[in-house]
2 protein chains.
Amino acid sequence: MRHAVFPGGARFRPELCLGVAEACGDAHPLVAEAAAVSIELLHCASLVYDDLPCFDDAPIRRGHAAVHVAHGEELAILAGNALIVLSFDSLARAGAAQPQLLPGLLRVIARGVGSPSGICAGQAWESDTPPELGVYHRAKTGALFESAIIAGAIAGGGDPMQWSGLGYRLGEAYQIADDLRDAYGRAELLGKPVGQDAVHARPSAVHELGMNGAVQRMSDLCDEVLGRLPACDGRQDLIALIRGWSQKLLPHPRQTAATAMSATS
Amino acid sequence: MRHAVFPGGARFRPELCLGVAEACGDAHPLVAEAAAVSIELLHCASLVYDDLPCFDDAPIRRGHAAVHVAHGEELAILAGNALIVLSFDSLARAGAAQPQLLPGLLRVIARGVGSPSGICAGQAWESDTPPELGVYHRAKTGALFESAIIAGAIAGGGDPMQWSGLGYRLGEAYQIADDLRDAYGRAELLGKPVGQDAVHARPSAVHELGMNGAVQRMSDLCDEVLGRLPACDGRQDLIALIRGWSQKLLPHPRQTAATAMSATS
């Protein structure tokens, strides 16, 4: 379980959850923290499964051996299971002081990872009939971003309805960036194998829109999210947070060009 | 997910949860029902993983194809994941009317399945250094029985402390019965392969205590549980429920004798 969670990746989702909670007034900081942790644990669990032999069969994650490579497939699956349980358990522990928040938080987080619209559904579509790309991205990535934002709003004391839908757009932008990095990034910089979408014949924004189209779509989505952020005290900080990511997420222009050149040479 | 849950097995754990809730006065019947469902969904998920190629590699469960045989290993793993999520989600939904019960229920159920003392830990010990048999049984089976009883007490309005420890004993009895059936039962009657403990060199009560010793230990545990049931209105019904199981669980004497004979002939 420790191997799956540390060293961490970018921790985008928990940062987003905490960022929204702070923007909303941070009414219950310990609950916001627990929600952020819960979401990151679920994300980490999803990566353990992603890397398994029957899915991506990826030996490397975050620059280290994938969990199943280091500890065997059995312990990887069990660690993933136990991380899901720990996610809800730690939320329950922190939520004991504010139990009225728990039903909403649990449900919104479960929706991001379960079936029929969360990560499990998105991942299942990789092994099954691929639906329209947007639907697949919403489930595979968008749903947990949406959970992060809504959970942040609930824990921060905001109105979750006002924040609805933003996470799906941000998640779609993130997934497009991920597709771009998979197509044009370099494994040694990303700490994971590249070219997996093509290998597994998975739906990819790069395949569908081309490189320039994908970059444009990602940029449009981020602009749309920034334009729709609800009025709140912490709005400027949140804009800076989201802008910072979208720049960090795109493969570096020089790196992209070099990889594209070597691919055509 | 449906394939993993239906047709059901004996549904011991949810029956136990509901039985205890009723014995305690059934203060919150919808919450008790949700807790029972939550526990059964987690149990069903654990069976999906149990049967996977990297664990028992069992093709048959409850007389039907195991989930990974019918739907592939990828969808089996995802169905298991989604069942864990659904378990907590459905508890959150039903608990929305009584949110003060949620922290306790969630924590007690999580303890039964997660790490370091629930099913994930017990299952991990099958792939790792086997500890003392009792510790392994407590985690693999006892912990979720304990969850079922404590959750029933919480939802029923009883004092969970008074019910503490009974589930571990009942779970140990159940695990011994399972070991006996694995050693002496017949696959066509059980709806799953037998002889798995020997094949996988797993700790087994039969291996440790012999057949008669295992039957005696199981009977002692059940008696101990019945003797320790807290005073409550539904005590007699609960005694009948537990007595009924312990009889149902043991392999039929004639069947046991026939299998033992054929094994030595």
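For the structure itself, consult the block above.
These numbers come from a predicted model, not from an experiment. Throughout this document, residue positions are counted from 1 along each chain, in the order its sequence is written. To read the labels, note that chains go from A and ligands from 1, taken in the order they are written. Only residues with pLDDT of 70 or above have their local features reported here, since the model is predicted, and side-chain atom pairs are shown and tallied only from 80 upward, although totals for entire chains, interfaces and linings are computed over all residues. Only hydrogens and water are set aside when side-chain values are computed; all heavy atoms of the structure are taken into account.

Enquirer: How should the overall build of chain A be read in this particular structure?
Expert: Assigned secondary structure in chain A consists of 13 helices and 2 strands. Between the two quantities, the radius of gyration covers C-alpha atoms and the globule rule is 2.2 Å times the number of residues to the power 0.38. Against the compact-globule benchmark of 18 Å for 265 residues, chain A has a radius of gyration of 18 Å, which places it among compact chains. Seen through its principal axes, chain A has C-alpha atoms that stretch 60 × 45 × 35 Å. Using a 1.4 Å probe on the protein chains alone, a residue whose accessible area is under 20% of its type maximum counts as buried, one over 50% counts as exposed, and one in between counts as partly exposed. Residue burial in chain A is summarised as follows: out of 265 residues, 55% are buried. In chain A, the proportion of contacts linking residues at least 24 apart, taken out of those at least 6 apart, comes to 66%. Only the protein chains shown count as covering a residue, and every accessible area follows the Shrake-Rupley method with a 1.4 Å probe. Total accessible area on chain A stands at roughly 11000 Å², and carbon and sulfur atoms take up 54% of it. For the purpose of counting charges, residues Lys and Arg are taken to be positive, whereas Asp and Glu are taken to be negative. His and the chain ends are not included. Charged groups are reduced to one reference atom each: NZ for lysine, CZ for arginine, CG for aspartic acid, CD for glutamic acid. Charged side chains in chain A number 21 positive and 29 negative. The centres of these two groups are separated by 3 Å. Helix and strand definitions here come from DSSP, where helices need a minimum of 4 consecutive H or I residues and strands a minimum of 2 consecutive E residues; each element is numbered from the N-terminal end. In what follows, residue pairs with any heavy atoms lying within 4.5 Å of each other are defined as contacts.

Enquirer: Honestly, the packing of aromatic side chains in this entry has me stumped. Any pointers?
Expert: Two aromatic rings are characterised by how far apart their centres lie and by the angle between their planes. Stacked, tilted and edge-to-face are the three classes applied to pairs of Phe, Tyr and Trp rings, where Trp contributes its six-membered ring and a pair requires centres within 6.5 Å; stacked means planes under 30 degrees apart, edge-to-face means over 60, and tilted covers the rest. Per the stated rule, a full pass over the model turns up 7 aromatic pairs over all chains. Ring plane angle 20° and centroid distance 4.9 Å describe the contact between Phe88(A) and Phe88(B), whose orientation is recorded as stacked. Here the residue Phe88(A) occupies a position in helix 4 (residues 67-95), and Phe88(B) occupies one in helix 4 (residues 67-95), the pair thus bridging two chains. Grouping residues by exposure puts Phe88(A) and Phe88(B) together as buried. Among the aromatic side chains, those forming a connected cluster through ring pairs are Phe12(A), Phe145(A), Tyr174(A) and Trp245(A). Charge-over-ring contacts are defined here by two conditions on Lys NZ or Arg CZ: a distance within 6 Å of the ring centre and an angle within 35 degrees of the ring normal. Stacked on the ring of Tyr168(A), the Lys or Arg Arg138(A) has its end atom at 4.0 Å from the ring centre. Lying over the aromatic face of Tyr174(B), Arg13(B) brings its terminal NZ or CZ to 5.0 Å of the ring centre.

Enquirer: Please explain the interface of chain B and chain A as it appears in this structure.
Expert: The extent of an interface is frequently quoted as the accessible surface area lost upon association of the parts. Listed as interface residues are 35 residues of chain B and, on the opposing side, 35 residues of chain A. Two parts placed together each lose some accessible area under a 1.4 Å probe, and adding up what both lose gives the buried area. Roughly 3100 Å² of surface becomes buried between chain B and chain A when both sides are summed, with 80% attributable to carbon and sulfur atoms. The largest contributions to the chain B side of the interface with chain A come from Leu78(B), Val85(B) and Arg107(B), which together make up 18% of the buried area. Should a side-chain nitrogen of Lys or Arg be within 4 Å of a carboxyl oxygen of Asp or Glu, the pair is scored as a salt bridge. In this assembly, chain B and chain A are joined by 2 salt bridges. Between Arg107(B) and Asp89(A) there is a salt bridge, with the nearest N and O atoms lying 3.0 Å from each other. Contributions of two or more residues to the side of chain B that touches chain A are made by helix 4, helix 5 (102-113) and helix 6 (119-127) of chain B. With 14 residues, helix 4 of chain B is the single largest residue contributor to the side of chain B that touches chain A. Residues are grouped as follows: Ala, Val, Leu, Ile, Met, Phe, Trp, Tyr, Cys and Pro are nonpolar; Asp, Glu, Lys and Arg are charged; all remaining types, including Gly, are polar. A class-by-class count of the residues in the side of chain B that touches chain A yields 22 nonpolar, 7 polar and 6 charged.

Enquirer: It is not clear to me how the environment of Cys54(B) should be interpreted in this structure. Could you clarify?
Expert: Relative to the helices and strands, Cys54(B) is located in the loop between helix 3 (29-50) and strand 1 (60-61). Taking the C-alpha atoms as reference points, Cys54(B) and Ser127(B), 73 residues apart in sequence, are found 9.7 Å from one another. Those residues in contact with Cys54(B) that sit more than four places away from it in its chain are Glu73(A), Glu74(A) and Ile77(A).

Enquirer: Looking at this structure, I do not really get the pattern of salt bridges. What am I missing?
Expert: Side chains carrying opposite charge are able to pair once their charged atoms draw close together. All names here are of chain A. Tallied over the full model, the rule gives 22 salt bridges over all chains. Here Asp89 ties to Arg93 by a salt bridge, and the two come within 3.6 Å at their closest N and O atoms. Residue Asp89 and its partner Arg93 are located together in helix 4, separated by 4 residues, close to a single helical turn. Classification of Asp89 as buried rests on a relative accessible area of 11%. Taken together, the shared-partner salt bridges connect Arg11, Glu40 and Arg62 into one network.

Enquirer: Mind showing me how you'd approach the relation of the copies chain B and chain A here?
Expert: Between the two copies of the chain lies a relationship made up of a rotation around an axis and a movement along it. Least squares is used to superpose the copies, and the fit set is the C-alpha atoms of residues whose pLDDT is at least 70 in both copies. In screw terms, the move from chain B to chain A is a rotation of 180° and a rise of 0.0 Å along the axis, fitting with an RMSD of 0.0 Å. Classification of the inter-copy transformation places it as that of a two-fold axis. When C-alpha positions in chain B are compared against the rotation axis, the closest is assigned to Pro99(B), at 2.8 Å. A share of 100% of the interface residues of chain B reappears at the interface of chain A, consistent with the copies meeting face to face through the same patch.

Enquirer: Looking at this structure, how should I read unusual backbone geometry?
Expert: Across the chain, the bulk of peptide bonds are trans and the bulk of non-glycine residues have phi less than zero. Of note, the bond from Ser115(A) into Pro116(A) is cis; its omega dihedral lies within 30 degrees of zero at 10°. Looking along the chain, the bond that leaves Phe6(B) and enters Pro7(B) is cis, with omega of -10°. Secondary-structure assignment places Pro7(B) in the loop between helix 1 (2-5) and helix 2 (12-23). The phi torsion at Asp26(B) lies on the positive side, around 50°, for a residue other than glycine. With respect to the element layout, Asp26(B) can be found in the loop between helix 2 and helix 3. Judged by its relative accessible area of 29%, Asp26(B) falls in the partly exposed class. The phi torsion at Asp57(B) lies on the positive side, around 50°, for a residue other than glycine.

Enquirer: Please explain the side chain of His43(B) as it appears in this structure.
Expert: All names here are of chain B. The residue His43 is located in helix 3 in this model. The definition of a polar contact used here is a pair of N or O atoms within 3.5 Å, where within protein one atom must be able to donate a hydrogen and the other to accept one, and adjacent residues in sequence count solely through side-chain atom pairs. Among the polar contacts made by the side chain of His43, one reaches the side chain of Arg13 at a distance of 3.2 Å. Not counting residues within four places of it along the chain, the set of residues in contact with His43 comprises Arg13, Arg62 and Leu144.

All quantities given are derived from atomic positions and should not be read as evidence of function.
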